[in-house]
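Chain by chain, the residues run as shown.
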Amino acid sequence: MDYVKPFRAVRAKSELMEKFCTYSHINKSKDDLKKILSENPNSFLQIISDSVLAKKKISLKNRYKKVKIKYEEFKKKGIINKDPNEGFYIHEINLNGNKYTGLIALAPLLSYEQGIIKKHEATIEHREKLFENYLKETRFNAEPVLIAHNSNETLSLLVKNLKKKKPTNILKFKKNEIHKFWYIRNISSINKIINEFNNVKSFFIADGHHRTASSYRLLNNKTNVNNKYFMVFLIPFNELKFKSYNRIIKKIDGFVGKDFLKKLKEKFNIKIQKKEKNKGLCMYLNGQNYSLSLKRKFIENNSPLYKLNSFVLQEKILKPILGIQNPRDEKKLLYTQKSLKKIIKHFDPKKFEIAFGLEPVSIDDLKNVVEMGLLMPPKSTNIFPKLRTGLTIYEL
């Protein structure tokens, strides 16, 4: 079994690519979405607008059918077209001075089933079913799953040499965001890429656990959808950037008791900090910064999970002391990509009780957890690059 497969992507025509490609709608407000839709008739968001902005009375199935209709309309108008030959797609992202280079390809879902492609986060069945039904109705996927792999010197050199050729597209979305794109369809180059990836023994899902699980569900449920592969963006570990996902505890009467610090001191060494830092596990409470370290006697079985601030926070503070058993409970817990410094600057004590700053997960800690078949708490990793939707579309 080859670990990567070339495919014929559907892509926007060159002069419209910058207008067509977009970041995920999930982090956009309804007002922002409406503004984009009114100003940009060629945005990918136009295709999914009936799904993300639909009235509640319309069933999900009918929303997805409308997405499919709009997708076909974009093809008929020539806004998007299917490439004539199977190929791989080298994608270089230059964002805020950081450069990322990956390969867009198909990966067999069998490699996910066999554990060659490894996961580090549990998924929610409800979300899996949602995207499975979306794929079943629309028959396309417009955002690759971010997959990391160990560096391969020969593979890196191959990609470097292929990048010496003139890019197929250069996309300037912003001053600090430039994308270069190479459509690789030479048979010799394709075979070399396949052979080199077959020497990579394991792959790790960096971002896209639910999309992967949804594709796998579709494969196993008896449908008439030809779905043995899913679209991936393959990138060496050493090119990824790991950033923080911090937590804020919302203000709820009686939720954080007066003896909170006393209970915390039973299991943690606590030091007052003069300045906020995202080093180790930090806490902001009642206008004061603290650093927290779990006492050695509470570290169980030398598990690699205890090197994760997200795990220590969840298992030793959120659950036993604050009573937050469900880490996805949005009524009590808020996740944010903002730094602890920015959180504190805009901290509203009428709305929030505590802020926790978490040092980013290291590559080695991530690998150790995954290799042992363990799972991290939700939002343990905030990994870059974040991929735009619609640069390449895979039709099922």
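Overview of the structure. (Residues numbered from 1 in each chain as written. Predicted model: local features only at pLDDT ≥ 70, side-chain atom pairs only at ≥ 80, totals over all residues. Heavy atoms only, no water.)

Moving on to the pattern of salt bridges. Summed over the entire model, instances satisfying the criterion amount to 19 salt bridges. Put simply, lysine 70 and aspartate 50 hold a salt bridge, and the shortest N to O gap is 3.5 Å. Taken as a pair, lysine 70 in helix H4 (residues 60-76) and aspartate 50 in helix H3 (residues 44-52) lie far apart in primary sequence, 20 residues in all. Look at lysine 70 and you get partly exposed, because its relative accessible area is 22%. By relative accessible area, which is 23% here, aspartate 50 ends up partly exposed. Connected through salt bridges with shared partners, the residues Glu125, Glu128, Lys129, Glu132 and Arg217 form a single ionic network. (Salt bridge = Lys/Arg side-chain N within 4 Å of Asp/Glu carboxyl O. Helix = DSSP H or I, 4+ residues; strand = E, 2+ residues; numbered from the N terminus. Buried < 20%, exposed > 50% of the residue type's maximum accessible area, 1.4 Å probe, protein only.)

Now for the packing of helix H6 (residues 125-138) against helix H9 (residues 209-220). Where H6 contacts H9, the axes come no closer than 8 Å and their chain directions differ by 60°. Along this stretch, H6 crosses H9, giving a crossing that reads as right-handed. Across the interface between the two elements, Glu125, Arg127, Glu128, Lys129, Phe131, Glu132, Leu135 and Lys136 of H6 pack against His210, Arg211, Ala213, Ser214, Ser215, Arg217 and Leu218 of H9. (Axes fitted to C-alpha atoms, helices over the stretch in contact; angles between N-to-C directions. Left-handed = near helix turned anticlockwise from the far one by under 90°. Contact = heavy atoms within 4.5 Å.)

As a further point, take the packing of aromatic side chains. Summed over all chains, the structure comprises 18 aromatic pairs. Here the aromatic rings of tyrosine 3 and phenylalanine 203 are separated by 5.7 Å at their centres, their planes lie at 85°, and the arrangement is edge-to-face. Note that tyrosine 3 is positioned in the segment before strand S1 (10-12) and phenylalanine 203 in strand S10 (residues 203-207), a separation of 200 residues in sequence. Each member of the pair tyrosine 3 and phenylalanine 203 is classed as buried. A centroid spacing of 5.4 Å and a plane angle of 15° characterise the contact between phenylalanine 131 and tyrosine 134, whose relative ring orientation is stacked. Taken together, the residues span about one helical turn, with phenylalanine 131 and tyrosine 134 both in helix H6 at a distance of three residues. For the residue pair phenylalanine 131 and tyrosine 134, the accessibility class agrees, reading buried in each case. (Phe/Tyr/Trp six-rings, centres within 6.5 Å; stacked < 30°, edge-to-face > 60°.)

What the eight strands build is an open sheet, ordered S5-S10-S7-S11-S4-S3-S9-S8; its pairing is mixed. The open sheet has two free edges, formed respectively by strand S5 (117-118) and strand S8 (169-174), since each of these has just one partner strand. (Pairing = 2+ DSSP bridges.)

Before going further, it helps to spend a moment on H6. Over its 14 residues, H6 extends 20 Å from the first C-alpha to the last, a length consistent with the 20 Å expected when each residue adds 1.5 Å. Burial in H6 covers these residues: Glu128, Phe131, Glu132, Tyr134, Leu135 and Thr138. Looking down the long axis of H6, one finds its buried residues gathered within 160° of arc, a one-sided arrangement. Of the surrounding elements, those touching the buried residues of H6 are H3, H4, strand S6 (140-141) and H9. With its phi angle positive at about 65°, arginine 139 sits one or two positions after the end of H6. (Expected span 1.5 Å × (residues − 1). Arc of directions from axis to C-beta.)

This part covers the sheet that holds strand S17 (residues 333-336). Strand order in the open sheet formed by six strands is S14-S16-S15-S18-S13-S17, and the pairing between neighbours is antiparallel. Each edge of the sheet is formed by a strand with only one pairing partner; in this case those strands are strand S14 (268-273) and S17. The sheet shows a mean angle of 25° between the axes of neighbouring strands, taken without regard to direction. Two elements, strand S13 (residues 246-250) and strand S18 (residues 352-358), share four bridges in a ladder whose sense is antiparallel. Bridge pairing links lysine 250 to phenylalanine 352 in S18. Helix H10 (residues 260-267) rests against S14, strand S15 (281-285), strand S16 (288-294) and S18 of the sheet, and its axis sits at about 120° to S14. This element, helix H11 (residues 309-318), spans S13, S14, S15, S16, S17 and S18 of the sheet and lies at about 145° to S18.

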